[in-house]
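# Close look at the chain arrangement
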Amino acid sequence: MEYLQELFADRIGGSSFGKQAELYKFEKIKKTRRQMEREHPEIPMIDLGVGEPDAMADAGVIDVLYEQAKEWKNRGYADNGILLFQQAAAAYLEKVFGVGGLCPETQILHSMGSKSALAMIPQAFINPGDITLMAVPGYPILGTKTKWLGGRVYPLPLLQENHFLPDLNSIPQAVLQKAKLLYLNYPNNPTGAAATKEFYKAVIEFAKRNQIIVIQDAAYGALAFGERPLSFLSVEGAMEVGIEVHSLSKSYNMTGWRLGFIAGNEKIVKAVAAVKDNNDSGQFIAIQHAGAYALGHPEITEATCEKYRRRHELLSAALRRIGFLATPPKASFYEYMEIPKGTRDGRVFHTADEFSDYLLRNALISTVPWDDVGHYIRISVTFVADGEQEEARIVEEIERRLSRCELVF
Ligand SMILES: Cc1ncc(COP(=O)(O)O)c(C=O)c1O
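Moving on, we come to the domain arrangement of the protein chain. According to the domain assignment, the protein chain consists of domain 1 (23–52 + 300–408) and domain 2 (60–297). Centre-to-centre separation of domain 1 and domain 2, based on C-alpha positions: 28 Å. With 22 residues of domain 1 in contact, the opposing surface of domain 2 contributes 29 residues. With both sides pooled, the region where domain 1 packs onto domain 2 buries about 2200 Å², and carbon together with sulfur makes up 66% of that total. It is I300, Y336 and V373 that lose the most area in domain 1 upon contact with domain 2, and together they represent 25% of the buried surface on that side. For the pair domain 1 and domain 2, the number of links is nine residue pairs in polar contact (both at pLDDT 80 or more). Put simply, the parts of the chain that give the side of domain 1 that touches domain 2 at least two residues each are helix 12 (299–322), strand 9 (334–338) and strand 13 (376–380).

Read from one edge to the other, the open sheet built from three strands follows the order 9-13-12, with strand pairing classed as antiparallel. Looking along the sheet, the strands with just one partner apiece sit at the ends: strand 9 and strand 12 (368–370). With direction set aside, neighbouring strand axes in the sheet form an average angle of 30 degrees. Pairing between strand 9 and strand 13: five bridges, direction antiparallel. By the bridge assignment for strand 13, M337 is matched with I377.

A word on the side chain of S247. Its location among the elements puts S247 in strand 7 (residues 242–247). Judged by its relative accessible area of 6%, S247 is buried. There is a polar contact of 2.9 Å between the side chain of S247 and the backbone nitrogen of S249. The contact partners of S247, leaving out residues within four places of it in the chain, are S114, A219, L259 and G260.

So, about the site of the ligand. Near the ligand, the surroundings consist of 14 residues, among which D217, Y220, S247, S249 and R258 are the closest. Interatomic distance of 2.8 Å between a side-chain N/O atom of N189 and an oxygen atom of the ligand. Of the pockets mapped on this structure, the ligand occupies the largest pocket. Per-element accounting of the shell around the ligand gives the leading share, three residues, to helix 5 (residues 114–125). Its residues assigned to classes, the shell around the ligand shows four nonpolar, six polar and four charged.

Let us now look at the packing of aromatic side chains. Counted under the stated rule, the structure contains 19 aromatic pairs. Summarising the aromatic geometry, the rings of F164 and Y336 are spaced 5.5 Å apart at their centres and angled 85 degrees between planes, so their arrangement reads as edge-to-face. Of the two residues, F164 sits in the loop between strand 4 (152–157) and helix 7 (173–178) while Y336 sits in strand 9, which places them 172 residues apart along the sequence. Judged by relative accessible area, which is 9%, Y336 ranks as buried. Ring geometry for F324 and F355: centres 6.1 Å apart, planes at 45 degrees, overall tilted. Here F324, found in the loop between helix 12 and strand 9, pairs with F355, found in helix 13 (residues 352–363); they are 31 residues apart in sequence, far enough to count as distant. For F355, a relative accessible area of 0% puts it in the buried group. Residue placement shows R75 over the ring face of W72; its charged tip is 3.7 Å from the ring centre. Looking at R311, its charged tip hangs above the ring of F383, at a distance of 4.6 Å from the centre.

Parameters and conventions
Residues numbered from 1 in each chain as written. Predicted model: local features only at pLDDT ≥ 70, side-chain atom pairs only at ≥ 80, totals over all residues. Heavy atoms only, no water. Domains from an automatic or database assignment. Contact = heavy atoms within 4.5 Å. Buried area = accessible area lost by both parts, 1.4 Å probe. Polar contact = N/O pair within 3.5 Å; in protein donor to acceptor, adjacent residues only side chain to side chain. Helix = DSSP H or I, 4+ residues; strand = E, 2+ residues; numbered from the N terminus. Pairing = 2+ DSSP bridges. Axes fitted to C-alpha atoms, helices over the stretch in contact; angles between N-to-C directions. Buried < 20%, exposed > 50% of the residue type's maximum accessible area, 1.4 Å probe, protein only. Near = heavy atom within 4 Å. 1 Å grid on protein atoms, 1.4 Å probe; cavity = no way out; pocket = protein on both sides within 12 Å on 5 of 7 lines; lining within 4 Å. Sits in = over half its atoms within 2 Å of the grid points. Nonpolar A, V, L, I, M, F, W, Y, C, P; charged D, E, K, R; others polar. Phe/Tyr/Trp six-rings, centres within 6.5 Å; stacked < 30°, edge-to-face > 60°. Lys NZ or Arg CZ within 6 Å of the ring centre and 35° of its normal.

Pasting the structure below:
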């Protein structure tokens, strides 16, 4: 029916919805990828772009799901979650991050993945005209939802010279007056940067001074190498101004299971719970049981961390030999690198988008370009490889393919 086209909401493009010819970044990558796979079926694509683990969930976690799925009592709506999961989350925060004293019932709320929590949070706080402060580049969900509610997003550029931490002193007073939310994400996607205790202290002081709520997205929180993972909530005063959003997706290889939780300030948790009640009916109780088991076994994450640490060492050494300024990050499965100037045969790369496209077409290596602040590509050590030998073989193959490109830095 013709009139349908006139009925779409402005937030998804209004009457232009579905007509835009422009392809979004990830769709464009997928399209070129499919084309290259068709044209070169003999060369396996190496996927360094994907933001999810290559491995399955732990066998113990799957066993708990299987057992709990058979229970009659677990068949129904979970609403705002089961106490067992909330208790497991509180114990996990204490054991892994040293965040003690959280009340499971009032300070923890489960969510169907952290994405859905981030999508709901603005509904609890944003009125038309309110501002969300957001680091750029970054995971966009909270900002998109802020705009859908008539709010505005004020970007905070993440610069290499500031160790990819936002400069909170650069925000104009007029913006601060309307700002309600500050969204942070450490360990960071896409830069791989980790926050410091000093930075979080400054954030808390900033939030109190300007009456702002802090939403710290810890989707990669437990994936830290060498040092104990740092939680925003472990810093004095954090609980007064904010919450942290956690996820089992990356730390427990459970992306498809859709399980996460928010933790922290009781009033904020209560407000998000009120919104959540009107959005979904909770995650399947058997999955919450399996999640509780996972949170009780942080050694599962530790083994995954060891794998990523090893892969980061291998891959960044190979990339440095090619000429990239690659360093293994302190946390997360990402490495973020400035693009080369061009190739020895005279090609010039103006944008990361161009370079990433070049790698797909010429080396069958998939990466994610970021042109928001400077020109960088993000690579992830989640490439599919079964065991150390296979990992080493793939990294050698990446190096071989990249050296053939004769990049100029
Ligand atoms: C920074 C960040 N936050 C949140 C998410 C969402 O993760 P999930 O919904 O699987 O918990 C992602 C996923 O890529 C992410 O990169």
